[in-house]
Amino acid sequence: CALPISTQTNNTGVGLDTQSSGAGGSYNSSLGVNALKTNSGNYCLAAGYNALQSNSGDLNVALGYLAVGSPANSGGGLVGVGHQALSSNSSGSFNTGCGGSALGDVTSGANNVGAGYNAGVGLSTGSNCTFVGYQATPTTGALQNAMALGATASVNASNKIRLGNVLVTSFECAVSLTVTSDARD
């Protein structure tokens, strides 16, 4: 069962060892075994087995098995929805991962978005990146300001946008574009 901590106020916890130890933290809600187990953060929501299990960051949302920061998280402003979404986050802030394992390798990167199953997997310390689509990924973990859009789209350099995968045969746009060949990239 949930055990109250005297320095915490206005918290709600349901589940074995939810919010059972920590140095404080207020205005938190948790549901599930070990959800917010060790917590000193404020204004957090965790639901699912080991969701946001060890947390010191504020304003975090973790929904799903092992969502956000396993084993420990100090980052704030995080949203992890889906099993193992943002599961490796340790100090990154303002990351949003929606989908199974979305941004699951991010440790300290910030301001990243991953939407889709395995979106952004492989990014670890990179920041300001966006990955949208099933397995839209980076080729290296330290990219900055990069974007991959579309199923299995992969971006290989900072400050670059990759639209689609090798199966895309047409792209239409109302403005001029710079087009590169797959061979050079």
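Each remark here, short or long, concerns the structure printed above.
Read on for a plain summary of the structure. Everything numeric here is computed off the predicted structure, so don't read it as measured data.

About the criteria used
Residues numbered from 1 in each chain as written. Predicted model: local features only at pLDDT ≥ 70, side-chain atom pairs only at ≥ 80, totals over all residues. Heavy atoms only, no water. Helix = DSSP H or I, 4+ residues; strand = E, 2+ residues; numbered from the N terminus. Buried < 20%, exposed > 50% of the residue type's maximum accessible area, 1.4 Å probe, protein only. Areas by Shrake-Rupley, 256 points an atom, 1.4 Å probe, with all protein chains shown as cover. Phe/Tyr/Trp six-rings, centres within 6.5 Å; stacked < 30°, edge-to-face > 60°. Polar contact = N/O pair within 3.5 Å; in protein donor to acceptor, adjacent residues only side chain to side chain. Core = buried A, V, L, I, M, F, W, Y, C linked by side-chain atoms within 4.5 Å. Contact = heavy atoms within 4.5 Å. Pairing = 2+ DSSP bridges. Axes fitted to C-alpha atoms, helices over the stretch in contact; angles between N-to-C directions.

What follows concerns the overall build of the chain. Of the regular secondary structure elements, the chain holds zero helices and 14 strands. Each helix and strand of the chain, ordered N terminal to C terminal, gives the series β-β-β-β-β-β-β-β-β-β-β-β-β-β. Projected onto the principal axes, the alpha-carbon positions of the chain cover approximately 60 × 25 × 20 Å. Burial statistics for the chain: of 185 residues in total, 41% are counted as buried. On the chain, roughly 8,600 Å² of surface is accessible, and the fraction owed to carbon and sulfur atoms is 57%.

Applying the stated criterion across every chain, the model contains three aromatic pairs. Each ring, one from Tyr-117 and one from Tyr-134, has its centre 6.1 Å from the other, and the planes form 15°; the classification is stacked. Of the two residues, Tyr-117 sits in the loop between strand E9 (113–115) and strand E10 (130–132) while Tyr-134 sits in the loop between E10 and strand E11 (137–138), which places them 17 residues apart along the sequence.

Position of Asn-39 among the secondary structure elements: in strand E3 (residues 38–39). Within the local environment of Asn-39, its side chain forms a polar contact with the backbone nitrogen of Gly-41, the two atoms lying 3.0 Å apart. A polar side-chain atom of Asn-39 sits 2.9 Å from a polar atom in the side chain of Asn-55.

The subject of this paragraph is the nonpolar core. Counting residues in each nonpolar core, the largest one holds 23 residues, and the members touching the most others are Leu-52, Val-68, Leu-123 and Phe-131. Those residues within four positions of Val-68 in sequence are excluded, and the remaining contacts are Leu-52, Gln-53, Val-61, Ala-62, Asn-73, Leu-78, Gly-80, Ala-85, Leu-86 and Ser-87.

Within the open sheet, the 10 strands sit side by side as E1-E2-E4-E6-E7-E8-E9-E10-E12-E14. Their pairing is parallel. Each edge of the open sheet is held by one strand with a lone partner, namely strand E1 (12–14) and strand E14 (161–163). Here the strands of the sheet are splayed against their neighbours by 5° on average, with no regard to which way each runs. Here three bridges tie E1 to strand E2 (residues 29–31), and the two strands are oriented parallel to one another. Bridge assignment links Thr-12 to a residue of E2, and that residue is Ser-29.

Inspection of the secondary structure puts Ala-67 in the loop between strand E6 (61–63) and strand E7 (79–81). For Ala-67, a relative accessible area of 0% translates into the label buried. Sequence separation between Ala-67 and Ala-110 is 43 residues, and the spatial gap between their C-alpha atoms is 17 Å. With residues near it in sequence (within four places) discarded, Ala-67 still touches Asn-50, Ala-51, Leu-52, Ala-62, Gly-80, Gly-82, Gln-84 and Ala-85.

For the rest of this paragraph, the subject is unusual backbone geometry. In this structure, Gln-84 takes a positive phi of about 60° despite not being glycine. Judged by its relative accessible area of 28%, Gln-84 falls in the partly exposed class. The phi angle at Phe-94 is positive, at roughly 60°, despite the residue not being glycine. Tracing the sequence through the fold places Phe-94 in the loop between E7 and strand E8 (96–98).

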